[in-house]
Every structure is written in C-alpha cells, then in structure tokens.
Amino acid sequence: MSRKPSGSVFKRCGCRRGRAGLRLGASCLRLAEDDHGSWFFSLELPRHVGGVRRRIRRGGYASREEAERALGRLQVTGGRVLTVADWLEIWLATRAHVRDKTLRGYSAHIRLHLVPHLGQVLLAELDVGHLDRAFTALLRQDGVTIATGHRVLATLRSALNTAVREKLIGDNPVRYLKLPPARRPHAVVWTPRRVKEWKRTGVRPAVAVWTPVQTAQFLEYISGHWLYAAFHLIALRGLRRGEAAGLRWCDIDLDRKVAYISWQIQYTGSALVLCPLKTAASRRVLALDATTVRVLRRYREEQERWYRAHGRIASGYVFTALDGGPMSPDYLTQTFAQLVKASGLPPVRLHDLRHGAASLALAAGVDLKVVADQLGHCSIVLTADTYVSVAVELALSAAEAVARLVLRAGKRPPGGGRIRKPSAPPRAVVTAA
C-alpha cells in the first residue's frame, strides 16, 4: 500500500471465499499479478461540524499511476482537499473589491442555498449532474423563485470561474446548466378597473405605477411634509432611493437647472456609507424642470433655517436625518409606504415612483434614449423592455380622454349615436355649362 500525505492508493479485486461469499480484500494472493484487480484510492477529508469524519473512496483504475493522478487532482497545496463549501468560503473571503451589499448577497446565497445542496461535493468532481439535482431541489423550495435561482447560480458561476483561473478545476460546469428563464415583472398602470379589483380582493400587481392624476394627488397630499422635495424629485426625475439619499448640494446647480448624479448612500450593516453608483451608466446629468428647481430652492431655505434654529452644522447632503447626517434609504422607503397608505391611493413602492417617472416621460413622447439616460440605464433595450408597455397604456388612456372630449362636443361615436345637424344646410352650387 502506497501512502500519500492525505490519502492512500491500493489494489483490490472482487474475489470472494466460501459459501458466505466474503470478499478477500487485501488477502487475495492474486493481487500481485499485473492483470488481476484494479487500483483504488482512499482520502480522508477535514472533519465536519461536530467532529464527524469524512472519507471518500474511488476505484476501478487500471494502474497505480492512474489512481495517484486521480488522487492528485483532488489535492491542492499542502495535500488539502477542497469541497465546494471549502472553496466558497475561500472565494468569499477574497472578494475585496465588491460593494458591501453585493458581498452580503453572496454570503446569503452561499449560506442558505449553495452549501446545503452542494457543500459536501468535492470541488474537483463537481459536474453539471450535481448542479442539475441541486437547483431542481432548490427551485422546489417554498419562497424560492426562478429569479432567485438565477441570482444564486450567478454567484456560483463567479466562484467557479475563479477556481478555473486558479487551476483548481479545468472547466466551469455552470456553463452547461440551463434554468427556466426568469420573467421580469412588467409594470402596469393603476387604471380605474385595476383599482376597483384591488379594493375588492386586496391583491395588487407586483409592479404598478400611478397615472399622472394619481401622482399629482399624492404630491398634493404630502405637500406639507418635510420630505416632500425628495419624493417630488424621485417621482419626476426617476432617481433610485440610494441616489436621492446620496445627493449633495454641491451636486446640484439650480441656476443651470441640472443635478449631477455621482454617488449613492448604502447601509453597510454598521453605518451609512457614500458609495459609487450601481453602474458606470448610472453616473449622469439630470435636467431639472422649473417646478422642481423652485421646490429645491424652497427646501434649501427651510433646511438652512432649521439648522440655524437647532444649532446644527450642515453636512452638505440635500436630504438629511434630523441630526443633519445622511438620510437612510430605508427611512425613505418606510416613510413613503406610510404616506401612501395614509393617502388612500392604490399602493406603489418607492421604486415604483422611478418606474412612474420613466413611463410618464415615454407617454409624453420623450425619446427612448433620453429616458434611458435619465434613468441611468446602460442600454435602451432595458428601458424599452421595462417601460414601453406602460407608456402605451398611459397613451391609450390619454387617447380615450381626447375621444371623450370630442364626443362631448356633439360628434357621433363609431357605431351609433346622434349627429348634430348644421344650423343651415349647404347650398347646391350650379355652374353654367
């Protein structure tokens, strides 16, 4: 028997003795023959939680050298053997250049989904069959959507790509796994019919936007609230909540009517931190309409008076907490939800105000590329896929309103109705031959 630092290579056969049929194992005298039996390896893994021993055994190799090579493929520096759980732990600890929010997402995917389903599989033996079984089971769990499955798979793909670059595995099996497509929920408009159905059943669409009238009603309802300017800006210009919280007065030029969207506020788990934006395309210049400029000027004047009255030092942020520090994006979300409920309007999320700003702009005839730039999208494809259907629905509502206006003027609707007679019939004109 040949000993290796973390495993052993040995020869075995299928010979048995007597009526009981007990295997001879290492005592078979024919094992010394070159063409008898096959080669195996045994490998003991690090003890699992609770001190449970873990050992693997593989066999059927034609020669000692082939078995040793197979054993070597499972070993990394120092003779250590990596399971998928081991590698995911190493990979997560080396993610030094990702945002804290992204890191928390990776950690949750690994802890809740990947380790329970794949953690004990040896990294070097991981194949698409393991993945297929794991993700089939994952998608059958309550509360796990296809979209969640795709995000978990993206985390695993990234981790295994790093393993390929480190030459721990030869290929990434995620390449060969196909999950059902995740369907992006499309926004719908709170039409009178949908509002009636919501009031009857209490069920709301996954993503819904207000009509222009409903948006105006909400802004009128909260006009006296101290965060009116924040919600006004999000509703009309489509900022993300972190972008609104990260906006500083030095980023706004009210005389030129522009705002430079350059940063966002994120909660790192212990503090609010000013961070780079989500993507390079998110860094943008927003044009501000005259009404929004007036709202921001008035808000700045009130903010400065409040600072003086309470002895606060301005932090430079546009929207601040009561202590003058940066505003938590979660606080914006919670406050908005409370105001929507109190207003009696159909429910929308704070992020739906961003959807609404885009949809209203498209319905007003603003060019698709301009709207994509306003939102900070890297491609007009995303903008079109997400918002054009809503813009069409809003445009149809506008068309119906125009038609009703015309019909009230006395025109006949298609298919019936009374025609208003002219006050005097037209005269026939006779011309000389």
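Relevant structure appears above.
Caption draft 1: Focus on helix α13 (residues 368-375). Those residues of α13 that sit buried are V371, A372, Q374 and L375. The arc enclosing the buried residues of α13, seen along the axis, measures out at 160 degrees, which places them on a common side. Directly after α13, the chain includes G376, whose backbone phi takes a positive value near 80 degrees.

Caption draft 2: Representation of empty space enclosed by the protein within the structure. One pass over the structure, following the stated rule, counts 1 cavity of 30 Å³ or more. By volume, the largest cavity is sized at about 60 Å³. Around the largest cavity, the lining residues are V209, W210, T215, A235, V348, D352, L353, G356, A357 and L360. Among the elements that take part in the lining of the largest cavity, helix α12 (residues 350-363) stands out by supplying 5 residues, more than any other. Grouping the amino acids of the lining of the largest cavity by side-chain chemistry returns 7 nonpolar, 2 polar and 1 charged.

Caption draft 3: Highlighting the pattern of salt bridges. The full count for this structure, using the stated rule, is 10 salt bridges. Between R30 and E33 there is a salt bridge, with the nearest N and O atoms lying 3.3 Å from each other. By relative accessible area, which is 42% here, R30 ends up partly exposed. Note on E33: relative accessible area 34%, which makes it partly exposed. One salt bridge in this structure joins E243 and R284, with 2.8 Å as the shortest N-O distance. With E243 in helix α9 (residues 241-245) and R284 in strand β13 (residues 284-287), the pair connects residues that are 41 residues apart, well separated along the chain. Looking at R284, the relative accessible area reads 7%, which means it is buried.

Caption draft 4: Region of interest: the environment of T145. Tracing the backbone through its elements, the reader meets T145 in the loop between α4 (128-139) and α5 (146-165). With 37 residues separating them along the chain, T145 and A182 place their C-alpha atoms 8.5 Å apart. At a separation of 3.1 Å, a polar atom in the side chain of T145 contacts the side chain of T148.

Rules and cut-offs
Residues numbered from 1 in each chain as written. Predicted model: local features only at pLDDT ≥ 70, side-chain atom pairs only at ≥ 80, totals over all residues. Heavy atoms only, no water. Buried < 20%, exposed > 50% of the residue type's maximum accessible area, 1.4 Å probe, protein only. Helix = DSSP H or I, 4+ residues; strand = E, 2+ residues; numbered from the N terminus. Arc of directions from axis to C-beta. 1 Å grid on protein atoms, 1.4 Å probe; cavity = no way out; pocket = protein on both sides within 12 Å on 5 of 7 lines; lining within 4 Å. Points joined across faces, edges and corners; volume = space filled by probe spheres on them. Nonpolar A, V, L, I, M, F, W, Y, C, P; charged D, E, K, R; others polar. Salt bridge = Lys/Arg side-chain N within 4 Å of Asp/Glu carboxyl O. Polar contact = N/O pair within 3.5 Å; in protein donor to acceptor, adjacent residues only side chain to side chain.

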